[in-house]
Amino acid sequence: MVSTLHGQTHKIVCLDAFLCPVPSFSILYEYHEYDNTPPELVLERVKDATIIIVTRVHLTSEVISQCPNLQFIAVMAIGYNTIDIAACRKYNVAISNCPASSSEAVAEHAFALYFAAKRRIVDMHLMTLKAEEWPAKSSVFGLYPHPPLVARHDTMGIIGYGALGKHIERIAKALSIAVLIADRKGSTTLRPGRTSFVDTLQKSTVLMIGCPLDETSRNMIGEEELKLMQPIASLINVARGGVVNEKALVQALKQGTIANAATDVFENEPATSESPYISEAVPNLTLSPHIAWYADSSLENLQRIVKANVEGFVIGKPENLVTPWWSAMGV
């Protein structure tokens, strides 16, 4: 390892290295890497760590409270909802993430889901393979609850206007799709360039969900919100599963409240047969397994940013801290 002016040798533990190769660091450290870590082994593997690198493994209050040497958690992802933030604050553990690292890839995947959902590509593929309905009826228009709109006739509402939302907006405008940027749910004043949350739901023929998951956004889209949408509307979620109430969305699709939906994210991941999206077998729902982020640029960005985050924290110049209170700690 390369020595620095900071003499502590950090014990760095990565809990789920299978998602992205971890870079080397220009600090004094010993490194322990695990391809993946089940919940029952998390504490055993990190109890002596000073730095944890993690992507999707959950770090609970119980774990954090039993790691007396822990100083820093480097989340090798954009989202950090798998970390108990309150416990980190209590035990003075700093957290960084990798903002915008995969926004380009996720935005592209969002549009893959958009086209797949409204054109029902998966259903059409399976129907064609069976070679029954098409030969028998000569057409399969009946599989569409409504004729699909062409892109220039769509109005796309974007919830979440960070790096991901801005990427989605650029692609939408390139396709001649009208764009609405939703203001915060419940906001009584509109920011420039924004549309009220309710108006966005009512006017959009496509709703793109790209916001972080926290207590303000959990179950943001539920039964009442879905009822505000148009029956020809599509809902695409590439944010976090908990932003959309899964049971409410399944009911809306079954009842024809909206035309179709697609999601890359689930409330509980990896999704099993217990997920409402899977157990209910909704025909107008397109699924992918939290893979939207995966692309060459994402891997390059994650490695570059996590290296800067770890080294910056160690030398007292932290980057991409995810919560405002670290300044009070002198970090």
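Please refer to the structure higher up on the page.
Residues numbered from 1 in each chain as written. Predicted model: local features only at pLDDT ≥ 70, side-chain atom pairs only at ≥ 80, totals over all residues. Heavy atoms only, no water.

A. Structural view of helix H4 (residues 103–119). With 17 residues, H4 ought to run about 24 Å at 1.5 Å a step, and its terminal C-alpha atoms sit 24 Å apart, in line with that. The buried count for H4 comes to 12 of 17 residues, which makes it a mostly enclosed element. All buried positions along H4 are accounted for by Ser103, Ala105, Val106, Ala107, His109, Ala110, Phe111, Leu113, Tyr114, Ala116, Ala117 and Lys118. Two residues or fewer after H4 comes arginine 120, characterised by a positive phi angle close to 50°. (Helix = DSSP H or I, 4+ residues; strand = E, 2+ residues; numbered from the N terminus. Expected span 1.5 Å × (residues − 1). Buried < 20%, exposed > 50% of the residue type's maximum accessible area, 1.4 Å probe, protein only.)

B. Summary view of the sheet that holds strand E8 (residues 206–209). Read from one edge of the open sheet, 6 strands run E7-E6-E8-E9-E10-E11, paired in parallel fashion. Only two strands of the sheet have a single neighbouring strand rather than two, namely strand E7 (178–181) and strand E11 (285–287). Averaged over all adjacent pairs, the angle separating strand axes in this sheet is 15°, with direction ignored. Contacts from helix H7 (residues 163–174) reach strand E6 (155–159), E7 and E8 within the one sheet, and its direction differs from that of E6 by about 170°. (Pairing = 2+ DSSP bridges. Axes fitted to C-alpha atoms, helices over the stretch in contact; angles between N-to-C directions. Contact = heavy atoms within 4.5 Å.)

C. Spatial organisation of the pairing of strand E9 (residues 234–237). Residues Ser234 and Ile236 line one face of E9 and the alternating positions Leu235 and Asn237 line the opposite face, and both faces are buried. Pairing of E8 with E9 involves 4 bridges; the strand directions are parallel. Bridging from a neighbouring strand, leucine 207 pairs with leucine 235 of E9. Read as a crossover between parallel neighbours, the route from E8 over helix H9 (residues 223–228) to E9 is right-handed. (Right-handed = clockwise from strand over helix to strand, strands pointing away.)

D. The arrangement of the packing of H4 against H7 in detail. Between H4 and H7, whose axes approach to 9 Å, the crossing angle comes to 50°. Between H4 and H7, the crossing angle belongs to the class labelled oblique. Viewed along their axes, H4 and H7 form a crossing whose handedness is right-handed. The residues of H7 that touch H4, namely those facing Ser103, Glu104, Val106, Ala107, Glu108 and Phe111, are Ala163, Leu164, His167, Ile168, Ile171 and Ala172. (Parallel < 35°, antiparallel > 145°, perpendicular 65-115°, else oblique. Left-handed = near helix turned anticlockwise from the far one by under 90°.)

E. Representation of the pattern of salt bridges in the model. Applying the stated criterion to the full structure yields 11 salt bridges. Across the pair glutamate 169 and lysine 173 runs a salt bridge, and its minimum N-O distance is 3.1 Å. Within this pair, glutamate 169 and its partner lysine 173 are both found in helix H7, separated by 4 residues, close to a single helical turn. The exposure class assigned to glutamate 169 is buried, which follows from its relative accessible area of 13%. On the basis of relative accessibility, which here comes to 51%, the residue lysine 173 falls in the exposed class. One salt bridge in this structure joins glutamate 225 and lysine 185, with 2.8 Å as the shortest N-O distance. Taken together, the residues glutamate 225 in helix H9 and lysine 185 in the loop between E7 and helix H8 (197–203) connect sequence positions 40 residues apart. A relative accessible area of 14% means that glutamate 225 is categorised as buried. Assessed through its relative accessible area of 39%, lysine 185 is described here as partly exposed. (Salt bridge = Lys/Arg side-chain N within 4 Å of Asp/Glu carboxyl O.)

F. Representation of the environment of alanine 174 within the structure. Within the secondary structure, alanine 174 is located in helix H7. Taking the relative accessible area as the measure of exposure, alanine 174 reaches 66% and is therefore exposed. For the pair alanine 174 and arginine 152, spaced 22 residues apart in sequence, the C-alpha to C-alpha distance is 9.8 Å.

G. Highlighting helix H12 (residues 296–314). Over its 19 residues, H12 runs 28 Å from end to end, which matches the ideal 27 Å to within 8%, given 1.5 Å per residue. Regarding H12, the residues found buried are Ser297, Ser298, Leu299, Leu302, Ile305, Val306, Asn309, Val310, Glu311, Gly312, Phe313 and Val314. Those residues of H12 that are buried are in contact with strand E1 (10–14), strand E3 (51–54), strand E4 (72–75), strand E5 (94–96) and H4. Backbone geometry just downstream of H12 places glycine 316 in the positive-phi region, at approximately 85°.

Read these as spatial facts, not as claims about activity.
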